[in-house]
Structures are given as structure tokens and as C-alpha cells.
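# Remarks on the overall topology
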Amino acid sequence: MTAATIDNRRANLIGGLWMIASMAAFAFEDVFIKAASKTLPIGEILMLFGLGGAITFASVLIINKEPLFVPDVISPPMRARAGFEIGGRLFYVLAISLTPLSAATVILQATPLVVVAGAALFFGEQVGWRRWTAIIIGMVGVIVIIRPGADSFSLLSILAILGMLGFAGRDLASRAAPKSLSTAILGLYGFLAVIVAGILFSLYQRVPLVGLSTETLLILAGSIIAGVSGYACLMKAMRTGEVSAVTPFRYSRLLFGIACGIVLFGETLTLSMIIGSGLIVVSGMFIMARSRDMKIKPAGTKKPRAEN
């Protein structure tokens, strides 16, 4: 085993650990937001959460002596990103507030499948029948979880799906965003969009703002710290090791979300959730493995038709 191979494996291991830390932080962010929703209106939670994150990333930009505004932040991809961020964040926060945390977390894991489908439809990426089949199987997993037509079906389950679609759109728009924009400035304007989501929902809901107790302030502070930490760890993970080796660790969020739902909120893991999450994870892992195989295929090798 060469030194380069050892270094590469070490980088992949470290990147995987960063990804796991990121998913754990995001899971705790969900826990704090769900806890805050017991006493605060959703719109107020979004406004305060967005404000805390925006201040954090603005501080990073100031410390790094980067401008808070550049013309590229109002480019069409960034405007689309803001719209998807508003929708994704609003519907997902509603989902984790009004439905079991474990179920919302499992449905969120379908985001990479939608991103691959969107990349094929909007960016012209080559996605053959095998990966399309995996995408369809993953979507079937989502249907198995929400169980439309069953007595236990709730329209509130659609909230998690809408949130997942919003996040997928945000990720696709981020890919099309100008390369000149730094991670910190993307974070700043992402959290500013969360503030807008809170304002819009507050105007729609017409619920007065609630005074903050010390306990609520600590819960909100915890959500902001967890959210910013998760974002920072995610960026660190994606810049350490190979993307194909690090990305699969995203699914660790499913384990953290389910564990938090069961332990902290007394939720129950149903058979449909187990089957559905299994279909989603297996489909996602297959797509990642297939994408990696296509990338490492020797340049002189003829690619079989519709093989990707």
C-alpha cells in the first residue's frame, strides 16, 4: 500500500467523521426547533433562527474582510436559491413541529435522489435507466412511509415532502450559483431567506409574537449553534477526502433523527418507516456508487449505452 493510498484513506475517514458530526448537529437543530415550537409561533422561530445564523455568517465575513454584498448575490440562480430556501425551510420546520421528528427526518433523506433527478432534467447530466430506477424506488419508499389511503395517513405528512423538495431545489440552485460566492456568503443569504420565510408565515398566520423566556432563549440559542455547526462541519466534510466516499455518511442523520424522536419525544418506529427508509437509503447508496463508478471509468473505455 503506497503512502498516497494511505493518505487518501485517512482523508476519507476524516471527511466521513466530519460528515457524521454535521448530521448529528443538524439532528439536534431539529430537536431544538421542535422543542421551541411548543411555546413559540413557527414564524417567530424562523425569524429568530434566521437572524442568529445570519449574524454568525456576517461576522465570519467581516473577520475574513469579505464584503457582505456582491452583485452575484442577486443573480438568477441565487434568487432561485432564496425562493427554494424559503419554501424548504418553512415546510420542513412545520413538518418537524406538527409531525413525528423521525418520520420527517426519514423523508428528508430522499433529497439526494431528487437532486440527481433534477440534475438530469435541468442540467443535462446523463442519468441512465439504472439510476432512474433507483430514484423511482426511493420515491416509492417515501410513499410507503406516508401511506396515502391508509387510515393513519395525515395530510401533514405532505409538509415533509414539500420541505424535502425545497431543499433539493436549493441544492440544485447552489450548484448553478456563481463560483465567486464563498461558503460564508452563501450561508449569510441562506439564513436571510429563513428570516423572510418567518416574516411571510407570520403575516399569513396573523399570530402575535410571544415574549421569550430564559428557557426558550436557550433552546433557540441551541438551535442556532447546532445549525451553524452542522453547516460548518458539512463544508469541512465536502472539502476533505473524496466526495463519493464522504457523501454516503449523510445517511447517518437518519439514525440520529430516529433516535432523537424515540428517546426525546417518545415516538414509535413503525414497520412502514423501516421499509420506506430502507428503500430510500439503498436507492441513494446505489446512485452514489453508480456515479462513482462512472467517474473512475478509464477514459479509453467505451461506455455501454444507458449504463449510467
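Above this text sits the structure in question.
First, a word on what this report is: a plain description of the structure on this page. Keep in mind the model is a prediction, meaning the values are calculated, not measured. (Residues numbered from 1 in each chain as written. Predicted model: local features only at pLDDT ≥ 70, side-chain atom pairs only at ≥ 80, totals over all residues. Heavy atoms only, no water.)

### Focus: the overall build of the chain
From N to C terminus, the chain includes twelve helices and zero strands. Secondary structure elements of the chain, listed N to C terminal, follow the sequence α-α-α-α-α-α-α-α-α-α-α-α. For 308 residues, the compact-globule formula gives about 19 Å, and the C-alpha radius of gyration of the chain, at 20 Å, lands near that figure. Dimensions along the principal axes, computed over C-alpha positions, put the chain at roughly 65 × 55 × 40 Å. Of all 308 residues assigned to the chain, the portion counted as buried reaches 47%. On the chain, roughly 15,400 Å² of surface is accessible, and the fraction owed to carbon and sulfur atoms is 69%. Put simply, the chain has 26 plus and 15 minus side-chain charges, and the middle of one group is 8 Å from the middle of the other. (Helix = DSSP H or I, 4+ residues; strand = E, 2+ residues; numbered from the N terminus. Rg over C-alpha atoms; globule rule 2.2 N^0.38 Å. Buried < 20%, exposed > 50% of the residue type's maximum accessible area, 1.4 Å probe, protein only. Areas by Shrake-Rupley, 256 points an atom, 1.4 Å probe, with all protein chains shown as cover. Lys, Arg positive; Asp, Glu negative; His and termini not counted. Charge placed at Lys NZ, Arg CZ, Asp CG, Glu CD.)

### Some points on the packing of aromatic side chains
Inspection of the entire model under this criterion finds five aromatic pairs. The interplanar angle of 55° and the centroid separation of 5.4 Å between the aromatic rings of Phe-49 and Phe-191 together place this pair among those described as tilted. Taken together, the positions of Phe-49 in helix H2 (residues 42-63) and Phe-191 in helix H8 (residues 183-205) put the pair 142 residues apart, joining distant regions of the chain. Take Phe-49 and Phe-191: they sit in the same class, and that class is buried. On the numbers, 5.1 Å between centres and 80° between planes, the contact of Phe-57 with Tyr-231 is edge-to-face. (Phe/Tyr/Trp six-rings, centres within 6.5 Å; stacked < 30°, edge-to-face > 60°.)

### Some details on unusual backbone geometry
Although it is not a glycine, Lys-65 adopts a positive phi angle of roughly 60°. Mapped onto the elements, Lys-65 comes out in the loop between H2 and helix H3 (76-98). Lys-65 sits in the exposed class, given a relative accessible area of 78%. Positive phi, close to 55°, is recorded for Arg-206, a residue that is not glycine.

### Points about the packing of helix H5 (residues 111-123) against helix H7 (residues 157-176)
The description of two helices packed together rests on the angle between their axes and the distance between the axes. Close contact between H5 and H7 brings their axes to 9 Å; oriented N to C, the two are set at 50°. One finds that H5 runs oblique with respect to H7. Where H5 crosses over H7, the handedness of that crossing is right-handed. Judged by residue contacts, Thr-111, Val-114, Val-115, Gly-118, Ala-119 and Phe-123 of H5 engage Met-164, Leu-165, Phe-167, Ala-168, Asp-171, Leu-172, Arg-175 and Ala-176 from H7. Broken down by class, the residue content of the contact of H5 with H7 amounts to ten nonpolar, two polar and two charged. (Axes fitted to C-alpha atoms, helices over the stretch in contact; angles between N-to-C directions. Parallel < 35°, antiparallel > 145°, perpendicular 65-115°, else oblique. Left-handed = near helix turned anticlockwise from the far one by under 90°. Contact = heavy atoms within 4.5 Å. Nonpolar A, V, L, I, M, F, W, Y, C, P; charged D, E, K, R; others polar.)

### Focus: the packing of H2 against helix H9 (residues 214-238)
Following both chains from N to C, one finds H2 and H9 inclined at 50°, their axes separated by 9 Å at the closest point. In terms of orientation, H2 lies oblique with respect to H9. In terms of crossing hand, the pair formed by H2 and H9 is right-handed. Between H2 and H9, the residues in contact are Ile-45, Leu-48, Phe-49, Gly-52, Gly-53, Thr-56 and Phe-57 and Leu-220, Ser-223, Ile-224, Val-228 and Tyr-231, respectively. Classifying every residue of the contact of H2 with H9 gives eight nonpolar, four polar and no charged.

### Focus on the side chain of Glu-44
Mapped onto the elements, Glu-44 comes out in helix H2. This buried residue, Glu-44, is left without a salt bridge; Arg-206 holds the nearest opposite charge, at 16 Å. Every residue in contact with Glu-44, bar those within four places of it in the chain, is listed here: Ser-202, Leu-209, Val-210 and Leu-212. (Salt bridge = Lys/Arg side-chain N within 4 Å of Asp/Glu carboxyl O.)

### So, the pattern of salt bridges
For the coordinates displayed, the defined rule picks out six salt bridges. Between Glu-85 and Arg-170 there is a salt bridge, with its nearest N and O atoms 3.5 Å apart. Pair noted here: Glu-85 is in helix H3 and Arg-170 is in helix H7, with a separation of 85 residues, a long-range link. The pair formed by Glu-85 and Arg-170 is uniform in burial state, with each residue classed as buried. Connected via shared salt-bridge partners are Glu-29, Glu-85, Arg-89, Arg-170 and Asp-171.

### Here we look at the nonpolar core
Within the largest apolar cluster, 74 residues are counted, with the highest numbers of intra-cluster contacts made by Ile-42, Leu-46, Phe-57, Leu-90, Val-106, Ile-107 and Ile-280. When residues in this core are grouped by element, the largest group, ten residues, is from H8. Look past the residues within four positions of Leu-46 in its chain and what remains in contact with it is Arg-89, Leu-90, Val-93, Val-194, Ile-195, Ala-197 and Gly-198. (Core = buried A, V, L, I, M, F, W, Y, C linked by side-chain atoms within 4.5 Å.)

### Side note on a nonpolar patch on the surface
There is a patch of nonpolar side chains on the surface, built from Ile-262, Val-263, Leu-264, Leu-269, Leu-271, Ile-274 and Ile-275 and spanning about 650 Å² of accessible area. Elements supplying a minimum of two residues to the nonpolar patch: helix H11 (252-265) and helix H12 (271-295). Mapped onto the elements, Leu-264 comes out in helix H11. (Patch = residues over 30% accessible without salt bridge, like charges linked within 9 Å, V, L, I, M, F, W, Y side chains within 5 Å.)

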